[in-house]
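# Analysis of the macromolecular model
One-letter residues, chain by chain:
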Amino acid sequence: MASSFRAFLVNDLFGDPALYVGLPWARRALLFDLGDISRLSAGHLLKISDVFVSHAHLDHFVGFDHLLRVLLGRSKALRLYGPTGFIDHVGGKLRGYAWNLVDGYSLTIEVHEVGPDRVRRARFVCPNGFRREEVGDRVAVDGLLLSEPEFQVRCAQLDHRIPCLGFLLEETVHLNVDTTRLEALGLPVGPWLMDLKRAVRAGQPDDFPLHVTWSRGGHREERCVALGTLRRVVVRERPGQKLAYVTDVLDSAANHEGILALARGADLFYCEAGYPAWDADRARARYHLTTVQAGRLAAEAGARRFSVFHLSPKYRDRPGELVAEAMGAFAGGARQSPHGLAVDDTRQLPENVESNPR
Ligand SMILES: [Zn+2]
Ligand SMILES: [Zn+2]
């Protein structure tokens, strides 16, 4: 089943955390964590509408300035979500600059600070010099952060010695197109299928027209097809896909429970694996997971695919070992550290994770 989300880690396994998730049907993107994002093109950055920050440690939030720099002159509303204390972190960043010559700029930053019981909200608007404006708070219901017709984003409250959020991106319904039946109708595969899926997700009526154009043998062909026909004949509805993102967490019973409740049945589970299994004491002291703990969590959650990231740069000379440990645990082997063993890491990236854009 093809993935609906175009997800890739911005940096390598040892780099700052930042997971870019394109939503091709909406020509926009979500970002999970805001570490160094200087490798992303302006085109990628301009598509970002919502940023979900697990916590405000430097390696997860240092990219804020870069994003702000690219978006500043744009008429755009950016939403940021983070844990308790997050509004102060964003406000502190914005107060670090002078904003006296920004006439005509209209960038708005809306911050959602997610506590266990309530979500506080504040707005920072460029024409007001990014002064903090309270928007009011709301009750936090089941960790729900964002709900749209096509997808939802939820969070779990986790422990990293400070509050830290884990995230789940869940598609409302997954739409497959039966290309054999499409061909039987004399219609081509092409970008117009995005319009078809968008119309189905939006619940457009059966007589909603879809204009299909394509070239065949040098001739341009064009047809107008009613949505109802396509919906009945070629579109197959499946349960929506789930993408889980968890990083910087202690291996504790409470975190375990919270992560499993969040990520159960994920199609794709991104989980940090900061330390090798033999360095579990250090992992615990730093409130991080080991490779084996991450792999077991993913297996226990019943994840279909698993990707590790945020390995400590301390082990930069042995990525294959760490990835193999995590994948071994995920596969059920749960083998202990073959210290110094070089193994291939061909299972490191799930097949639907795109390679880095640059
Ligand atoms: Zn951290
Ligand atoms: Zn970190």
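Quick summary incoming for the structure in this document. (Residues numbered from 1 in each chain as written. Chains lettered and ligands numbered in written order. Predicted model: local features only at pLDDT ≥ 70, side-chain atom pairs only at ≥ 80, totals over all residues. Heavy atoms only, no water.)

## Observations regarding the packing of helix α10 (residues 291-300) against helix α11 (residues 319-330)
Under the convention used in this document: The convention used is that axes are lines fitted to C-alpha atoms, helices contributing only their stretch in contact, and that angles between N-to-C directions extend from 0 to 180 degrees. Helix numbering and strand numbering both begin at the N terminus, where a helix is a DSSP run of H or I of at least 4 residues and a strand a DSSP run of E of at least 2. Each crossing gets its hand from how the near helix is turned against the far one by less than a right angle, where anticlockwise is left-handed and clockwise is right-handed. Between two residues, a contact is recorded if the distance between any of their heavy atoms is within 4.5 Å.
Here α10 crosses α11 at 30 degrees, and the two axes come no closer than 7 Å. Between α10 and α11 lies a crossing whose hand is right-handed. Residues T291, V292, G295, R296, A298 and A299 of α10 touch α11, and the partners they reach there are L322, E325, A326, A329 and F330.

## Comments concerning the coordination of the zinc ion (ligand 2)
Quick note on the threshold: Excluding water, the donors of a metal are its N, O and S neighbours within 2.8 Å, or within 3.2 Å for Na, K and Ca, and that exclusion means sites may look incomplete. Angular criteria define each label, namely tetrahedral for four donors with all angles between 85 and 135 degrees, square planar for four and octahedral for six donors with opposite donors over 155 degrees apart and remaining angles between 65 and 115, and irregular for whatever fails these tests. Relative accessibility thresholds used throughout: buried, under 20% of the residue-type maximum; exposed, over 50%; partly exposed, between the two (1.4 Å probe, protein chains only).
Bound to the zinc ion (ligand 2) on the protein side are D59 (OD), H60 (NE2), D248 (OD) and H310 (NE2), at distances that span 2.1 to 2.5 Å. Classification of the site at the zinc ion (ligand 2) as irregular follows from its 4 donor atoms and the range of 86 to 156 degrees in their angles at the metal. Motif for the zinc ion (ligand 2), donor spacing along one chain: D-H-x187-D-x61-H. Between the zinc ion (ligand 2) and the zinc ion (ligand 1) the interatomic distance amounts to 3.6 Å, and D248 serves as a bridging ligand to the pair. Of this pair, D248 sits in the loop between β17 (242-246) and α8 (253-263) while H310 sits in the loop between β19 (305-309) and α11; the two residues are 62 residues apart in sequence, bridging distant segments of the chain. Classification of H310 as buried rests on a relative accessible area of 11%.

## Points about the coordination of the zinc ion (ligand 1)
Around the zinc ion (ligand 1), the protein supplies H55 (NE2), H57 (ND1), H160 (NE2) and D248 (OD) as donor atoms, at distances of 2.1 to 2.3 Å. Around the zinc ion (ligand 1), the 4 donor atoms are arranged such that angles at the metal cover 91 to 171 degrees; this shape is classified as irregular. Read in sequence order, the donor residues for the zinc ion (ligand 1) give the motif H-x1-H-x102-H-x87-D.

## Digging into the pairing of strand β2 (residues 19-23)
Applied cut-off: In this analysis, strands are considered paired if DSSP registers two or more bridges between them.
Taking burial as the measure, the 5 residues of β2 include 5 buried ones, the bulk of the element. The alternating pattern of β2 places L19, V21 and L23 and Y20 and G22 on opposite faces, both of which are buried. Looking at chain direction, strand β1 (residues 6-9) and β2 are connected through 4 bridges and run antiparallel. Bridge pairing links R6 to G22 in β2. Of the strand pairs in this sheet, β2 and strand β3 (residues 28-32) are connected by 5 bridges, and their pairing is antiparallel. Across the sheet, the residue bridging to L19 is F32, located in β3. As consecutive antiparallel partners, β2 and β3 are separated by 4 residues, and within that stretch R27 has a phi angle of approximately 50 degrees, a positive value.

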